[in-house]
Amino acid sequence: MTLPTHDEFKKSTLLIVDDDFINKEILAHGFRADYNILLASSGEEALAVAERELPDTILLDIVMPDMDGYEVCRRLKSSRRTQKIPIIFSTSKCTDEDEVLGLTMGASDYVTKPFNMALVKARVRNQVLLKQKTDLLEQLASIDGLTEVPNRRYFDEVFEQEWRRAVRNEYPVSLCLVDIDFFKQFNDNYGHTAGDDCLTLVARTLANISRRAGDFLARYGGEEFVFVWPNCDVKHAQKLAEQARVAVSRLGIPHVHSDVSDFVTISLGVASIIPESEDDRKDLLESADEQLYLAKQSGRNTVSCK
Ligand SMILES: [Mg+2]
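Bear in mind that the values here come from a model prediction, so they are computed numbers and not experimental data.

1. Some details on the coordination of the magnesium ion
- Protein coordination at the magnesium ion: the donors are Asp19 (OD), Asp61 (OD) and Val63 (O), at 2.1 to 2.2 Å from the metal.
- Counting the intervening residues between successive donors of the magnesium ion yields the motif D-x41-D-x1-V.
- For Val63, a relative accessible area of 53% puts it in the exposed group.

Take a look at the structure:
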């Protein structure tokens, strides 16, 4: 058995924030061998780097001119993108009150200056390990166990995010609901193991349809899947849906109990809108559902589009 070499492990990224050059150097020097190091000298810079790079942990100086560490912490914790990054405050003034204030603001730990590097390293390592575990759990909780595509819960989150982005940027967002035709008959005749294999194969095929950044596929439930296509108008969405329909039929999964084909096929309902408010998200979902119903009514193995 060959173990991966040290370089083959993905290093975690540590953001060091301190307005004092010497402090920053001491910390960077101490961590460089084991972490990817990012540096920032002010609160503003720290926020920009954190937002862009999403480090695994942040060592954050409290006393800085312009914006202090508490304010940086408050802003990081109030942004959806950065709120889960562990923050370790570094400070020379550390009364119990300071420590309580920092911890209630969401910081994970404290280190004091002058630095005891062994202690700082142990505290950083703890936070990084904890973060890795949380990330993994979160990832597992958002993935459908059978098909390994994102689950309904994850869809709800992504759809909300993409909807907000579309409202801000005034571009269209399209939804496409997918349903496997005569899947109950497939399960009844070929058994549940074959049914599971079919779901997995269809999911993998759908996942390869559109791979632009932001494109998203989830298992919506049972034999239903859903695509989110941001910045995609109805014409393009219809094209993608048609690609998906053809790709699944070309898999050639035998289904002699289907009334529409000798193979497994899907029906698709597409709806698209340029959203105006955050509230009408539900309408688009309902509208895609109506289209799926129409696709089923008009004979299945087809795309219906609004
Ligand atoms: Mg300072």
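2. Focus: the sheet that holds strand E2 (residues 35–40)
- Pairing within the open sheet is parallel, and its 5 strands lie in the order E2-E1-E3-E4-E5. Each edge of the open sheet is held by one strand with a lone partner, namely E2 and strand E5 (109–112). The sheet shows a mean angle of 20° between the axes of neighbouring strands, taken without regard to direction.
- Pairing of strand E1 (residues 12–17) with E2, which is carried by 6 bridges, proceeds in the parallel orientation. Within E2, the residue paired with Leu15 across the bridge is Leu38.
- Of the strands in this sheet, strand E3 (57–61), strand E4 (87–91) and E5 are in contact with helix H3 (residues 69–78), which crosses E4 at around 175°.
- Sitting on the sheet, helix H5 (residues 117–141) is in contact with E1, E2, E3, E4 and E5, with an inclination near 160° to E5.

3. A word on the pairing of E4
- Where burial is concerned, most of E4 is hidden: 5 out of the 5 residues are buried.
- Of the two faces of E4, the one lined by Ile87, Phe89 and Thr91 and the one lined by Ile88 and Ser90 are each fully buried.
- Both E3 and E4 contribute to a ladder of 4 bridges, which runs parallel. Bridging across to E4, Leu60 finds its partner in Phe89.

4. Let's talk about the packing of aromatic side chains
- This model, assessed by the stated rule, comprises 10 aromatic pairs.
- Ring plane angle 5° and centroid distance 6.1 Å describe the contact between Phe183 and Phe186, whose orientation is recorded as stacked. One end of the pair is Phe183 and the other is Phe186, both in helix H7 (residues 183–190) and 3 residues apart, which spans about a single turn.
- Since its relative accessible area comes to 6%, Phe183 is described here as buried.
- Classification of Phe186 by relative accessible area gives buried; the value is 4%.

5. Regarding the pairing of E1
- Within E1, 6 of the 6 residues are buried, which leaves it mostly tucked inside the rest of the structure.
- Across the two faces of E1 the burial is the same, with Ser12, Leu14 and Ile16 and Thr13, Leu15 and Val17 all buried.
- For the crossover that starts at E1, traverses helix H1 (residues 21–31) and ends in the parallel E2, the hand is right-handed.
- Both E1 and E3 contribute to a ladder of 4 bridges, which runs parallel. For Leu15, the partnering residue across the bridge sits in E3 and is Ile58.

6. Notes on a negative patch on the surface
- On the surface, a cluster of negative charge is made up of Asp283, Glu286, Asp289 and Glu290.
- Summarising the element assignment, Glu290 is placed in helix H10 (residues 281–297).
- Given the relative accessible area of 47%, Glu290 is considered partly exposed.

Definitions and limits used
Residues numbered from 1 in each chain as written. Predicted model: local features only at pLDDT ≥ 70, side-chain atom pairs only at ≥ 80, totals over all residues. Heavy atoms only, no water. Donors = N, O, S within 2.8 Å, 3.2 Å for Na, K, Ca; no water. Buried < 20%, exposed > 50% of the residue type's maximum accessible area, 1.4 Å probe, protein only. Pairing = 2+ DSSP bridges. Helix = DSSP H or I, 4+ residues; strand = E, 2+ residues; numbered from the N terminus. Axes fitted to C-alpha atoms, helices over the stretch in contact; angles between N-to-C directions. Contact = heavy atoms within 4.5 Å. Phe/Tyr/Trp six-rings, centres within 6.5 Å; stacked < 30°, edge-to-face > 60°. Right-handed = clockwise from strand over helix to strand, strands pointing away. Patch = residues over 30% accessible without salt bridge, like charges linked within 9 Å, V, L, I, M, F, W, Y side chains within 5 Å. Areas by Shrake-Rupley, 256 points an atom, 1.4 Å probe, with all protein chains shown as cover. Salt bridge = Lys/Arg side-chain N within 4 Å of Asp/Glu carboxyl O. Lys, Arg positive; Asp, Glu negative; His and termini not counted. Charge placed at Lys NZ, Arg CZ, Asp CG, Glu CD.

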